[in-house]
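Remarks on the overall topology
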Amino acid sequence: MRELANLHEDVGEILLTEEEISAKVRELGARISADYAGRRITLVSVLKGSLPFMADLMRAIDIPVRIDLMEVSSYGGSATESSGLVRILKDLSASIADEEVLIVEDIIDTGLTLNYLIRYLRGKAPASLRICTLLDKPARRLVEIPVDYTGFTIPDQFVVGYGLDYGELYRNLRYVGVLKPEVYSEVRAEADGE
Amino acid sequence: MSEPAHVANTPFAHASEAEMSRILDFYAVRWEYEPDTFPILWNLDGDVVESFSPDFYLPDLDLYLEMTTLRQRLVRKKNRKLRRLRELYPDLNVKLFYARDFRALMLKYGKLALFEGLSGSSGQVASPYGVPELATDGPLDLDLPGTADPPVASPSRRRRRAAKADPATKGPAILS
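Figured I'd write up the structure that's included with this text.

Let us now look at the overall build of chain B. A tally of regular secondary structure across chain B gives six helices and six strands. Listed N to C, the secondary structure of chain B is α-α-β-β-β-β-β-α-β-α-α-α in terms of helices and strands. The burial tally for chain B puts 33% of its 176 residues in the buried class. Sequence-distant contacts, at least 24 apart, represent 63% of the contacts inside chain B between residues at least 6 apart.

So this is what it looks like as structure tokens:
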């Protein structure tokens, strides 16, 4: 079992500090509150990576807010071998028909998952559907998706922390960082139980 | 579980392309493999001497995707061909997917070992469901002058290829 101290040591570079993230979340919350003033908004978060961002963002918004959570299977997981298709592991718990919906993402890179989610959620007839992401990695984009609220545009590096994982670890870091290259194989081997 | 027929029956030139097709399938993004060939160089007689067949066309996104995962020499060649393609066909939406992009995808999906297994190889057309099959030796980028004629996969593909790469249609006389 890896200790927290090791998790910090595994990070080769801190891209975004806790203070920078906190300030940006407050800024996004203020913008969203102004844009949706006088209306109620439903924040839809995609598990698991966006959980810390969702928790902080909803408290930075000062208009009426509903929240809901979704989880979809990721390529390369066990679901891949069984079906070969993305699956909704956890669906919305309430209707979003005629609601103002804001998808809250931790990071957008290829856009493949978000593209799937947008198509799925549009089928539920929301009044509006917009996107807020803490991190945007446009260099990696395959599907061009208009993003309404972006926290940080980051370089083309694999990042962990503030909800983002590698091998299900590092989500609890309060900052966003880049792992040392030698960590990848070690963490993956532990996650696979080797 | 066996490989879906439309993947198994597609003559991918490289395992990275097969893996990309599975990723696109997973996220319900429709794809066609090398459906179109675009002439990019003609001789003085106006005959096509070089063409470019992007690996994938994603009809829902109107996007061509070219993957290049191995040797830098081939990357430079593809970059040159891509520049030429964009000059001649400015309305095409083409994205070049480099080795680092593929590596990042594999890292994200916990399949780094697959990338590392491919790196430096001549490109095994690997199936996640079975034993990898060795690809033929030689360059991976098969878009060589006079040989850009990938296998035909569908009638729609044949129609587009005929429209865009009809040898009877003479292009501008351009020498390399």
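Now, onward.
With that settled, the discussion passes to the pairing of strand β5 (residues 100-108) of chain A. Residues and elements named next belong to chain A. Most of β5 sits inside the fold, with eight of its nine residues counted as buried. Where strand β2 (residues 41-46) lies against β5, five bridges are found, and the strand directions are parallel. Paired with Val44 across the strands is Ile103, a residue of β5. Regarding topology, helix α5 (residues 112-122) serves as the crossover connection from β5 to the parallel strand β6 (residues 128-136), and that connection is right-handed.

On the side of chain B, 18 residues touch chain A, which itself brings 18 residues to the contact. Those elements that provide at least two residues to the side of chain A that touches chain B are α4 (78-83), α5 and α6 (183-191) of chain A. For the side of chain A that touches chain B, the leading source of residues is α5(A), giving four residues. Of the residues assigned to the side of chain A that touches chain B, the class counts are nine nonpolar, six polar and three charged.

What counts as what
- Residues numbered from 1 in each chain as written.
- Chains lettered and ligands numbered in written order.
- Predicted model: local features only at pLDDT ≥ 70, side-chain atom pairs only at ≥ 80, totals over all residues.
- Helix = DSSP H or I, 4+ residues; strand = E, 2+ residues; numbered from the N terminus.
- Buried ≥ 20, exposed ≤ 12 C-beta atoms within 10 Å, placed from the backbone.
- Contact = placed C-beta atoms within 7 Å.
- Pairing = 2+ DSSP bridges.
- Right-handed = clockwise from strand over helix to strand, strands pointing away.
- Nonpolar A, V, L, I, M, F, W, Y, C, P; charged D, E, K, R; others polar.

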